[in-house]
Amino acid sequence: MSNHAAIDVIVSEVVEVNSLIKRFHFKRRDGGHLPAFSGGAHIVIEMQDGEQLRRTPYSLMSSPLDTSDYQCSIRRDDEGRGGSLYMHREVKPGMAMKISPPANLFALDLRARKHLMIAGGIGITPFLAQSSQLERTGGEYELHYGVRSAQLGAYLDVLQERLQHRLHTYYDDQQQSIDFDELLSTQPAGTHLYVCGPTPMIDKVLNTARGAGWPESHIHFEHFAKASPGEPFTAELSASGVTVEVGREQSLLEAIEAAGIEAPYLCRGGACGQCETRVLDCDGELLHEDHWLEDDERSAGEKIMPCVSRFKGKRLVLER
Amino acid sequence: MGSTASLPTFKDGTYRDDFSFRNSPESVLRAPFPFDKDEYMYAVNMELHKDGRPGTAYEQPIDVDEHYLAEMRDRALVLDEDPLRCQSLPHMEMAGWDTLELLMECKANSYPDSFSLERDGDQWHWINRPMGIDQRFTFGDATTLPYGPLEYITRQAQGDFVVLDERANNLWMDAGMVTTQADWSLDFDIGMNFFEWHAPVPLAHEKGIFERAIKYLLAVQQSNPARRLNWTMTVNPRLDTSPENYHQWGPENTHITPENVADKLFLRIELQSFWRLPRSNAILFPIRCYFLSMRDLSTVPKWAKRMHRVLNTLPPELSSYKGLDNFRGTAVDWLAQFDDGSPTTPGPFPD
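The rules we used
Residues numbered from 1 in each chain as written. Chains lettered and ligands numbered in written order. Predicted model: local features only at pLDDT ≥ 70, side-chain atom pairs only at ≥ 80, totals over all residues. Heavy atoms only, no water. Helix = DSSP H or I, 4+ residues; strand = E, 2+ residues; numbered from the N terminus. Expected span 1.5 Å × (residues − 1). Buried < 20%, exposed > 50% of the residue type's maximum accessible area, 1.4 Å probe, protein only. Contact = heavy atoms within 4.5 Å. Domains from an automatic or database assignment. Buried area = accessible area lost by both parts, 1.4 Å probe. Salt bridge = Lys/Arg side-chain N within 4 Å of Asp/Glu carboxyl O. Polar contact = N/O pair within 3.5 Å; in protein donor to acceptor, adjacent residues only side chain to side chain. Nonpolar A, V, L, I, M, F, W, Y, C, P; charged D, E, K, R; others polar. Pairing = 2+ DSSP bridges. Axes fitted to C-alpha atoms, helices over the stretch in contact; angles between N-to-C directions.

**Student:** Sorry if this is basic, but what is going on with helix α11 (residues 301-313) of chain B here?
**Tutor:** Since there are 3.6 residues in each turn of an α-helix, residues three or four apart along the chain are aligned in direction. Residue and element names in this part refer to chain B. If you check α11, its first and last C-alpha atoms are 19 Å apart, about what 13 residues at 1.5 Å a residue would give, namely 18 Å. When α11 is considered as a whole, its buried residues turn out to be Lys302, Trp303, Ala304, Lys305, Arg306, Met307, His308, Arg309, Val310 and Leu311. Those residues of α11 that are buried lie in contact with α1 (25-29), β8 (226-235), β9 (265-276), β10 (283-293), α10 (294-298) and α13 (328-335).

As structure tokens, then:
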């Protein structure tokens, strides 16, 4: 569903968390409360970056119990398409912005006897919200948090105070790493596993868990990978009768939106399946970057996820 | 939506024993007539639940009508006999609070003369004037209410309420208040997923209806509720046509005659809506029932004509699944007098 009723907000605070991460606080422009949400939810921030309208999802890290403001921590990605750079360079307190209502694709399973959380780097943000939620509602949980160094480990102090012995921290610069085999083979029955971090870490956790016999229903993960920049290309939209040029720093979905065409989306990270689009003609190579399509669907070449995936070749026609 | 409304004078009808339920003429005209064409087949007939048409059951997001108090009395009677009509699995407590908040907010916003909600942090004050309720409570603390949050608020809201937990790209019926159902049982379905509880529906699985429907439902997000209509027919205006009470209403299916069909046979319309709940990430699924007798329908020429055609052309599998076989012919015969064969205008609303 794409016609989210956007919420008008003011940037109320920008805090430098460390040399790579800034935290942005948003309040409603009309002074009211923001919608309640559940731990693990994200919002989509609209950024008018010159000519280009970006819509980028970020996890809410603030407490779901406090809807006076929303907080997102954003790591500067110098290699990315520019969303995080825009947030770091251009967004200042007092600025008016638009955000989507929260949506959750990484929710806690409230039936769990225990929640086992594994975070890498900026992947900590959804767990900040979830741990606030669990502190209020009760529920056993523990968090394993891998960081590059004490300096770059965001919110270690907050988490230490909140979780105490349930927080386990691992420092790369001290050659510490999480022993996934040990961790995932010693959990009580009824434990649910949640992992958010860099893709290689997620893959390792998922492989280890599956190998150790974890049921799929108890494994939850969220990639924070976003659309990457790439070579420009052209796409024809058959239903709209429009041809769009996709720029180097633009996603296919953004180019479709820039042409004034409403397309469905939810996560904008290749995970939720909402933007799945049929490929009617393809003379070239689809560069799939999503986590949604199955392998056989990719090789069939009949579908593309325009929020993250790109194209290289002569002609691409989409049913949009 | 956004505009407010005042409630009509409440009617005193009953949904059992002497069946004194009657619609006022205004109540007939505002009903959500479910047929936008002259024939019926399953479809993924979902749309956004907004832009409510003034003067219809769609005007306010949670509709309250002239039968409010009568329906709430009937619900209390059902619950006295069978408390299992309201159930909530342990992990659904938060969804119960979400439901309470949604229904209180909607009613207070839509009908400020009748309902009010004041919030001061977690200290809430709820007033339901039609039912004479004035309740102060602590949001999130069930010990400050006479019932759990789901039961408390759905004893004050027309229609059934099913609460669906979202897990593994599926929806699970893990809580609900179900006393006005068309022959299905919460006690039987609780804990089932979307495909399991729809398993008995004919034809729709083959058409891929449920795969598309669940994709749509999982995408329902906060501030974007959706709705659809469903329908069946019921002998007598009996809200509680449950499997548990089949011995009471089942035999009545054979009681329709040409003499009594106009006032004893009812089109039973379900206005179903779907709301993403904020704190639990669950989906609230209200199923609101509206009754129109065949005589009520005959007061709206387009509806009588269309009802005649829909019943006449209904696929036999659907007629059988909906339990219409005993009286469909009698209804078609009676409605024939209102159908001159002329075309009907598009859409469901009266001309």
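That covers the picture; the talk isn't over yet.
**Student:** For this particular structure, what's the right way to read the domain arrangement of chain A?
**Tutor:** Where interface size is given, it is often the accessible area lost as the parts come together that is meant. The domains assigned to chain A are domain 1 (7-104), domain 2 (114-223) and domain 3 (233-318). The C-alpha centroid of domain 3 of chain A is placed 33 Å from the C-alpha centroid of domain 2 of chain A.

**Student:** How do you make sense of the environment of Ser110(B) when you look at a structure like this?
**Tutor:** Residues and elements named next belong to chain B. Inspection of the secondary structure puts Ser110 in helix α3 (residues 93-110). Since its relative accessible area comes to 2%, Ser110 is described here as buried. Sequence separation between Ser110 and Thr313 is 203 residues; the distance between their C-alpha atoms is 39 Å. Setting aside residues up to four positions removed in sequence, Ser110 forms contacts with Thr4, Ala5, Gln60 and Pro61.

**Student:** Would you explain the interface of chain B and chain A in this entry?
**Tutor:** Taken together, the contact between chain B and chain A spans 17 residues of the former and 22 residues of the latter. The contact between chain B and chain A buries some 1,800 Å² in all, and 54% of this surface belongs to carbon and sulfur atoms. Summed over the three residues of chain B that lose the most area to chain A, namely His91(B), Gln221(B) and Gln222(B), the buried surface amounts to 26% of that side. Between the two partners, chain B and chain A, sit one salt bridge. Among the salt bridges present, the one from Asp109(A) reaches Arg167(B), with a minimum N-O distance of 3.9 Å. The interface formed by chain B and chain A contains two residue pairs in polar contact (both at pLDDT 80 or more). Tallied by class, the residues present in the side of chain B that touches chain A amount to seven nonpolar, six polar and four charged.

**Student:** How should I be thinking about the sheet that holds strand β5 (residues 133-138) of chain B in this particular structure?
**Tutor:** In a beta sheet, neighbouring strands pair by backbone hydrogen bonds and run either parallel or antiparallel. All names here are of chain B. One open sheet accounts for three strands, arranged β3-β4-β5; its pairing is antiparallel. The two strands at the open ends of the sheet, each matched to only one other strand, are β3 (115-120) and β5. The mean inter-strand angle of the sheet, taken between neighbouring strand axes irrespective of direction, is 10°. Both β3 and strand β4 (residues 123-128) contribute to a ladder of six bridges, which runs antiparallel. Looking across to β4, one finds that Ser116 is bridged to Ile127. Strands β3, β4 and β5 of the sheet are contacted by α3, whose axis makes an angle of about 125° with β3.

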